[in-house]
Amino acid sequence: MSNRFQAPRGTQDILPDAQPYWAAVQDAIREVTRLYGYRRIDTPAFEDAALFEKGTGDTTDIIEKEMYSFTDRGGETLALTPEATPPICRAYLEHGMASWPQPVRLYTTHAMFRYDRPQKGRYRQHTQFDCEVLGSPDPLVDAEVIELLWRLYERLGIRNLAVRLGSIDDPGPRKAYVERLKDYFRPHLDRLSEDSRRRFDRNPLRLLDSKDDRDLPFKAAAPKLVEQLSPAAEAHMATVRGALESAGIPCVIDPLLVRGLDYYNRTVFEIVPTDDERAQGTIGAGGRYDGLIELLGGPPTPGIGFGSGIERIILEMQRNEVVFAPTPLTEVFIVHHGAAAAAVAFKLAVDLRSAGIPAVVGESGRSFKSQLRSANSSNARVAVIIGEAEAAKGEVMVKDLTGAGDQHAVAIAGAVSDVRQHLTA
RNA sequence: GCGGGCGUAGCUUAGCGGUUAAAGCGCCUGGUUGUGGCCCAGGAGAUCGAGGGUUCGAUCCCCUCCGCUCGCCCCA
């Protein structure tokens, strides 16, 4: 069995039974983005790898150890998109969106590729719903994107969520804070966990996020960034918070919230289930990135956005017991026997479909019983039965499958309208 | 990348160091002279995840690999 092909590690097939969830999410995304004035953009499945090295940051895990990069036959170094924000910023610059009315509100759903170790809710290929607002420094826009995401989840029947809000200030004040933080931890370095010693050099902000018992005593007394924000960042966060409150969205300030991407400043947030202990619980997260477009070679342009994993959204829907009524395979199932009847059956199906009525034809060579069993399991409401006798008389039998199975004969010429009448009755 | 658990028909599971590996659901066929659902009968379907080792003999014990899963790192 394992000689057979399998979907590559960390990828999955989305089978017909799961499709209603995907359709519901896509529909809700379309509706919610319409309400908030967003326009859709689609970017390529792969990009110049340097876009991510520069944009996402080449010290991030995403770039350092998770990027699917490759050299194509022409010698270009490309990467399957691990992240939606840099490509959208790239497109903003490439197509002169700075000359569009500002801000520009964009959304997409895009496959993301990251070479990390798969778990439930973490895949090597996943799909993200992503929104970006480019060209506005307004904290109300921060609140708007968070609210948009919240409404999406609400609409999909996901309950028990919480918004975790934080701020990582602007680069200058943050650097100063990081120095204070390192000064605080430096004397205790030899008593910290190995992970935290590594973080001390690589990503000091994450020191505060450690779950290691050895680090806990030091964490408690460490200076917290959200408690020492610059006045501008402080005011920004207060506005975001107030706006969320007015929207009726419960939000908690998380002083330890640190996003793993280099480009964030000020607002960072994530939305998590409150009743799930799993580590992969975060279903949506984002933040402000006022310096990113400039970093990519454009003019100073503020931006904010988020990504939300659709696979994780669906897992949450299922955990919230959102279910969909099974959709019937067809409306009319045509049963036939004999060569003449087969020809009539095929043509009748053609005519039904052109009249907008879904129709499926039974398998030639199978018995009536067998074909009617198929009709039954297809959940069709009507069976049309064409045997040799009917074919000879130029008639078909129309049988009701929803009740006791009443049936009546009708001339072939009148079959479509008879079936239609039956279905609308 | 690190550590733990799991892996038997399409699905959910039972089973035992030793003849032809079992059940339910699903699928196919039949019980009707041309007719569904319920019921009944029969059938197909598993090199017991893969490879190697121990053993007279392994689905069962050991190792490696693959996949899933839980935790860590990180992230959606």
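Please read all numbers here as calculations on a predicted model, not as lab measurements. (Residues numbered from 1 in each chain as written. Chains lettered and ligands numbered in written order. Predicted model: local features only at pLDDT ≥ 70, side-chain atom pairs only at ≥ 80, totals over all residues. Heavy atoms only, no water.)

Participant: Mind showing me how you'd approach the sheet that holds strand β16 (residues 407–411) here?
Facilitator: Adjacent strands of a sheet pair through backbone hydrogen bonds, lying either parallel or antiparallel. As summarised here, the arrangement of the five strands in space is β13-β12-β14-β15-β16, forming an open sheet in which the pairing is mixed. The two strands at the open ends of the sheet, each matched to only one other strand, are β13 (359–361) and β16. Averaged over neighbouring strand pairs, the angle between their axes works out to 25° when direction is ignored. Here three bridges tie strand β12 (residues 332–336) to β13, and the two strands are oriented parallel to one another. What sits directly across from V332, in β13, is A359. Sitting on the sheet, helix α13 (residues 368–377) touches β12, β14 (382–386) and β15 (395–400), and the angle it makes with β12 is about 175°. (Pairing = 2+ DSSP bridges. Helix = DSSP H or I, 4+ residues; strand = E, 2+ residues; numbered from the N terminus. Axes fitted to C-alpha atoms, helices over the stretch in contact; angles between N-to-C directions. Contact = heavy atoms within 4.5 Å.)

Participant: Would you mind showing me how to read unusual backbone geometry here?
Facilitator: Negative phi characterises most residues that are not glycine, and trans characterises most peptide bonds. Of the consecutive residues Q102 and P103, the connecting peptide bond is found in the cis state with omega at -5°. Tracing the backbone through its elements, the reader meets P103 in the loop between α4 (85–94) and β5 (104–113). Phi at R266 takes a positive value of approximately 50°, unusual for a residue other than glycine. Relative to the assigned elements, R266 resides in strand β9 (residues 265–273). One non-glycine residue with positive phi stands out, namely N379, at about 65°.

Participant: Just to check I follow, could you spell out the domain arrangement of chain A for this structure?
Facilitator: On domain assignment, one finds that chain A holds domain 1 (16–169 + 229–319) and domain 2 (332–424). Taking only C-alpha atoms, the centre of domain 1 and the centre of domain 2 are 51 Å apart. (Domains from an automatic or database assignment.)

Participant: I tried to follow the pairing of strand β6 (residues 125–134) on my own but got confused; where do I start?
Facilitator: For a regular strand, the rule is simple: side chains alternate between the two faces of the sheet. Along β6, nine of the 10 residues are buried, which leaves the element largely enclosed by surrounding structure. Here 10 bridges tie β5 to β6, and the two strands are oriented antiparallel to one another. Directly across from Y107, in β6, lies its bridge partner C131. Bridge count for β6 against strand β11 (residues 303–309) is seven bridges, and the pairing is antiparallel. By the bridge assignment for β11, F129 is matched with S308. (Buried < 20%, exposed > 50% of the residue type's maximum accessible area, 1.4 Å probe, protein only.)

Participant: When you look at empty space enclosed by the protein in this model, what are you seeing that I'm missing?
Facilitator: Empty space among the atoms becomes visible once a probe the size of a water molecule is rolled across them. Enumeration over the complete set of coordinates arrives at two cavities of 30 Å³ or more. Taken as a whole, the largest cavity spans an internal volume of roughly 50 Å³. Taken together, S167, I168, Y177, L205, L208, L225, V226, P255, L257 and V258 form the lining of the largest cavity. The residue inventory of the lining of the largest cavity, partitioned by class, reads nine nonpolar, one polar and no charged. Reported here for the second largest cavity is a volume of approximately 40 Å³. Lining the second largest cavity are L165, G166, S167, A233, H236, M237, V240, R266 and T267. In terms of residue count, the dominant contributor to the lining of the second largest cavity is helix α9 (residues 231–246) (four residues). Partitioning the lining of the second largest cavity into residue classes produces four nonpolar, four polar and one charged. (1 Å grid on protein atoms, 1.4 Å probe; cavity = no way out; pocket = protein on both sides within 12 Å on 5 of 7 lines; lining within 4 Å. Points joined across faces, edges and corners; volume = space filled by probe spheres on them. Nonpolar A, V, L, I, M, F, W, Y, C, P; charged D, E, K, R; others polar.)

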